[in-house]
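Here are the chains, one letter per residue:
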Amino acid sequence: MPGNVTKIIPFSSVDGPGNRTAIFLQGCNINCKYCHNPETRKECINCGLCVKYCPNKALSLQDGKVSFSADKCISCDTCIKVCPNDSTPKTKLMTAEEVMTIVRKQIPFIRGITVSGGECMLQPEFIEEIFSLAKREKLGTLIDSNGTIEFKRYPKLLEVSDGVMLDIKAFFNDDHKRVTDADNFTILENAKFLGENKKLYEVRAVIAPDLYDAEKNIRAMGEFLLPLYKINPFRIKIIAYRPMGVREEYKSMRVPSAEELSYLKDILNEIGFEEIIII
């Protein structure tokens, strides 16, 4: 079946171990206030506003739908900036084989692939197809997810997945709702399920001090995760909120200092975690 692909980055060093090809799928089911890729949140509604503003005429309206010409695009992101729908006209419906045709061009210069979003687990069957093909090429496979979709419902996908990079936006549910407009019950259940089944590769927390008490949440998150870490160690990534790429109404939020991030790392070290990365 085809999947809705936002973009494919041939070489990435920040989406898992080693050099990887990162595949971003369109669509998300939560509303993170600090979202750094808001154009991946929704499907294009073909309103045509972006066509008017495209400086190089890479966009056009054909039969009521926005058409994108990649050869004319100068990557100015004007279409994304003017979109009123948190979307992009540059997505493409692709089959798993079409995705892998692009991935294969990077072999043997990559260690694996990572599928991200948006929220890629809204298209689980598509990921499974890609990963099944990637395994034939002896490539590593990782899922980058917000954790709102139950992984236990997709055992075949997990069979071809090396692990999951899981977001825990906030540990306490009220804080999580403030950050994302959604609860985190499924996310914590997923963390437990993945950890117990040795499929939890990484846990990530974006630190946005204006939205919640980071120290309180990080400490509680660490204590919750420690029994899972003892089953099979994973790394934790502490990520600073930054105003680049976010929606206009959230650009004024405070960026955490290096000292604050280092303090949170020390808390996790004291709890018992060893591999903690600050970004």
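Residues numbered from 1 in each chain as written. Predicted model: local features only at pLDDT ≥ 70, side-chain atom pairs only at ≥ 80, totals over all residues. Heavy atoms only, no water.

Draft legend 1. The pairing of strand β6 (residues 112-116), seen in detail. Taking burial as the measure, the five residues of β6 include five buried ones, the bulk of the element. The alternating pattern of β6 places Gly112, Thr114 and Ser116 on one face and Ile113 and Val115 on the opposite face, and all of these are buried. Pairing of strand β2 (residues 20-25) with β6, which is carried by five bridges, proceeds in the parallel orientation. When the bridges of β6 are listed, Phe24 appears paired with Ser116. The sheet contact formed by β6 and strand β7 (residues 140-145) spans four bridges and is parallel. Pairing of Val115 across the sheet is with Ile143, part of β7. In this fold, the crossover linking β6 to β7 by way of helix α4 (residues 124-136) has right-handed handedness. (Buried < 20%, exposed > 50% of the residue type's maximum accessible area, 1.4 Å probe, protein only. Helix = DSSP H or I, 4+ residues; strand = E, 2+ residues; numbered from the N terminus. Pairing = 2+ DSSP bridges. Right-handed = clockwise from strand over helix to strand, strands pointing away.)

Draft legend 2. Summary view of the sheet that holds strand β1 (residues 3-12). Spatial strand order, β5-β1-β2-β6-β7-β8-β9-β10-β11: nine strands in an open sheet with mixed pairing. The sheet terminates laterally at β5 (92-94) and β11 (276-278), the two strands that pair on one side only. Neighbour-to-neighbour, the strand axes of this sheet turn through a mean angle of 30 degrees, independent of strand direction. Packed on one face of the sheet, helix α7 (residues 185-196) meets β8 (163-167) and β9 (200-207) and runs near 150 degrees to β8. Here helix α8 (residues 214-231) sits on the sheet and contacts β9 and β10 (235-240); the angle it forms with β9, its principal contact strand, is near 170 degrees. (Axes fitted to C-alpha atoms, helices over the stretch in contact; angles between N-to-C directions. Contact = heavy atoms within 4.5 Å.)

Draft legend 3. Just the side chain of Gln123, in detail. Mapped onto the elements, Gln123 comes out in the loop between β6 and α4. Relative accessible area serves as the criterion here: at 14%, Gln123 is assigned to the buried category. Not counting residues within four places of it along the chain, the set of residues in contact with Gln123 comprises Gly3, Asn4, Leu25 and Gln26.

Draft legend 4. Fine view of the pattern of salt bridges. By the definition in use, this model includes 19 salt bridges. Residue Lys33 is joined to Asp181 by a salt bridge in which the shortest nitrogen-to-oxygen separation is 2.8 Å. With Lys33 in the loop between β2 and α1 (49-53) and Asp181 in the loop between α6 (173-180) and α7, the pair connects residues that are 148 residues apart, well separated along the chain. Of the residues examined, Asp181 reaches a relative accessible area of 52% and is grouped as exposed. In this structure, Asp86 and Arg41 form a salt bridge, with 2.7 Å as the shortest nitrogen-oxygen distance. You can see Asp86 sitting in the loop between α2 (78-82) and β5 and its partner Arg41 sitting in the loop between β2 and α1, a full 45 residues away along the chain. (Salt bridge = Lys/Arg side-chain N within 4 Å of Asp/Glu carboxyl O.)

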